[in-house]
Structures are given as structure tokens and as C-alpha cells.
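Summary of structural features
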Amino acid sequence: MADLHKYQLGQRVRLVRTSRFSATANGPYEVTRQLPLEDSGFRYRVKSSSEQYERVVGEEELERAV
């Protein structure tokens, strides 16, 4: 089956600004893992170099970093 993830491992992304992400690092995040398809869609583990931990976010909560 073809990979349907929009973002690839190592790709730089930004979090779409919502109230859920009001206290997050501003810089880009790196996709560290693609998670399996769920009812709500694809999810990813992402990591910012300015945070010590990874975040799990939905595909709709990300955009490509420029």
C-alpha cells in the first residue's frame, strides 16, 4: 500500500497556531515518526530543538516549514 502521509521523516514542519499550541516553541519541528492511520487521520511525533520532549500531533495541525 502506498504511503499516504503528507509529511516525511526528517521533514521540517510548523505547528498551526491554535489555543492547544499557545505554549509551544516557535521554531520549526522535525518529524521523528509517522504514526498509523486512525479514525481522525494520520498523526506524527515531532520534536523541536528547543524542547526536551516530542509531541504527538495530527496532520491537520501541521504545515510545511519554509
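What comes next is a walk through the structure. The shown structure was predicted, so the numbers you read here are calculated from the model rather than taken from an experiment.

1. Some points on the overall build of the protein chain
When helices and strands are counted, the protein chain shows zero helices and five strands. In the protein chain, 43% of the contacts between residues at least 6 apart in sequence involve partners at least 24 apart.

2. Here we look at the nonpolar core
In terms of nonpolar packing, the biggest core is built from 11 residues, these being Tyr7, Val13, Leu15, Ala25, Tyr29, Val31, Phe42, Tyr44, Val46, Val57 and Leu62. Secondary structure elements with two or more residues in this core: strand S1 (12-15), strand S2 (29-34) and strand S3 (43-48). Sequence-distant contacts of Tyr44, defined by excluding residues within four places in its chain, comprise His5, Lys6, Tyr7, Val31, Arg33, Gln34, Leu35, Arg55, Val56, Val57, Glu59 and Leu62.

3. What to know about the pairing of strand S4 (residues 54-58)
The pairing of S3 with S4 spans five bridges and is antiparallel. Paired with Arg43 across the strands is Gly58, a residue of S4. Taking the residues that link successive antiparallel strands as the turn, the S3-S4 hairpin has five residues.

4. Structural notes on the sheet that holds strand S5 (residues 62-64)
Pairing is antiparallel across the open sheet formed by five strands, whose spatial order is S4-S3-S2-S1-S5. Only two strands of the sheet have a single partner each, and these edge strands are S4 and S5. Mean inter-strand twist for the sheet, computed between neighbouring axes without regard to direction, equals 50 degrees. As judged from the three bridges shared by S1 and S5, these two strands associate in the antiparallel manner. For Val13, the partnering residue across the bridge sits in S5 and is Arg64.

Definitions and cut-offs
- Residue numbering note: each chain is counted from 1, following its sequence as written.
- Owing to the predicted nature of the model, reporting of local features is limited to residues with pLDDT of at least 70; listing and counting of side-chain atom pairs is limited to 80 or more, with chain, interface and lining totals taken over all residues.
- Neither water nor hydrogens contribute to the side-chain values; these are computed over all heavy atoms in the structure.
- Note on conventions: DSSP H or I runs of at least 4 residues are helices, E runs of at least 2 residues are strands, and numbering of each starts at the N terminus.
- Whether two residues are in contact is decided by their heavy atoms, any of which lying within 4.5 Å being enough.
- Side-chain atoms within 4.5 Å are what join buried Ala, Val, Leu, Ile, Met, Phe, Trp, Tyr and Cys residues into a set we call a nonpolar core.
- We call a residue buried when its accessible area falls under 20% of the maximum for its residue type, exposed when it is over 50%, and partly exposed in between, using a 1.4 Å probe and counting protein chains only.
- The pairing criterion is simple: DSSP has to find at least two bridges between the two strands.
- For every element, the axis is a line fit to its C-alpha atoms; helices are fit only across the contacting stretch, and the angle between N-to-C directions ranges from 0 to 180 degrees.

Geometry only, nothing functional implied.
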